[in-house]
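# Secondary and tertiary structure notes
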Amino acid sequence: MSEEEMVASMEGALRELGVPEKIAAVGQFQPRGHTGSMFAGGLIGDSLTSSLGGLGDAVGTIGGAMAGSRIHDASSGLPANMMVGVSDTHVYGFSARGRRVVENLVFRVDRQNLTVKVHQRVNVRILELIDATSGSNIQLEGNRVPLTHSKDVIDVLNV
């Protein structure tokens, strides 16, 4: 999905909620730890099925990776796939169906009281949104693949 389509999708969802904001950037994110849990699950699945060899070993690795990420995402309290958008005043997080269609508003954070931190990892960037007044935070990971546009969101947040 192009960045323009993602922006239009989020602006449409916001209008349906009665919020006519202009979105500067939208990117695809998952809960922090999604990729690491997938890796760990794949290792466990592989170790459990390595004696089967061939197809059985491959199925164990893939099944373990899928299970690892799903268990982690379910425990995070956040949807497995999210679209995060930035306006001049807020950061919005929506659940996303198939990483394409904006569904439900998950969070709305006022940028005025927001501290943003980015932690660089090998294959993801961790985006940490910290409310300066309450100290609560939202931790997300964005894939480094350009098609996800997660870097665009980070750039607009000036981190």
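Predicted, not measured: the structure shown is a model, and the values here were computed from it. (Residues numbered from 1 in each chain as written. Predicted model: local features only at pLDDT ≥ 70, side-chain atom pairs only at ≥ 80, totals over all residues. Heavy atoms only, no water.)

### Concerning the nonpolar core
Val91, Phe107, Leu127, Leu129, Leu140 and Val153 are the most contacted members of the largest nonpolar core, which totals 18 residues. Of all elements in the fold, only β1 (25-31), β2 (82-86), β4 (101-110), β5 (114-120), β6 (124-131), β7 (137-143) and α4 (150-156) reach the threshold of two or more residues within this core. Counting residues per element, this core draws most heavily on β2, which supplies 3 residues. Setting aside residues no more than four positions away along its own chain, Phe107 makes contact with Met82, Val84, Val91, Tyr92, Gly93, Leu129, Ile138 and Leu140. If you look at the next biggest cluster of nonpolar residues, it comprises 13 residues, including Met10, Val26, Phe94 and Val102. (Core = buried A, V, L, I, M, F, W, Y, C linked by side-chain atoms within 4.5 Å. Buried < 20%, exposed > 50% of the residue type's maximum accessible area, 1.4 Å probe, protein only. Helix = DSSP H or I, 4+ residues; strand = E, 2+ residues; numbered from the N terminus. Contact = heavy atoms within 4.5 Å.)

### Observations concerning the sheet that holds β6
Each strand in a sheet pairs with another by means of backbone hydrogen bonds, the pair being arranged parallel or else antiparallel. Taken in spatial order, the 7 strands of this open sheet run β4-β3-β2-β1-β7-β6-β5, and their pairing is antiparallel. Two strands in the sheet have a free side with no partner beyond their single neighbour: β4 and β5. The sheet shows a mean angle of 35 degrees between the axes of neighbouring strands, direction not considered. Packed onto the sheet, helix α1 (residues 3-16) meets β1, β2, β3 (90-97) and β4 and runs at close to 85 degrees relative to β1. (Pairing = 2+ DSSP bridges. Axes fitted to C-alpha atoms, helices over the stretch in contact; angles between N-to-C directions.)

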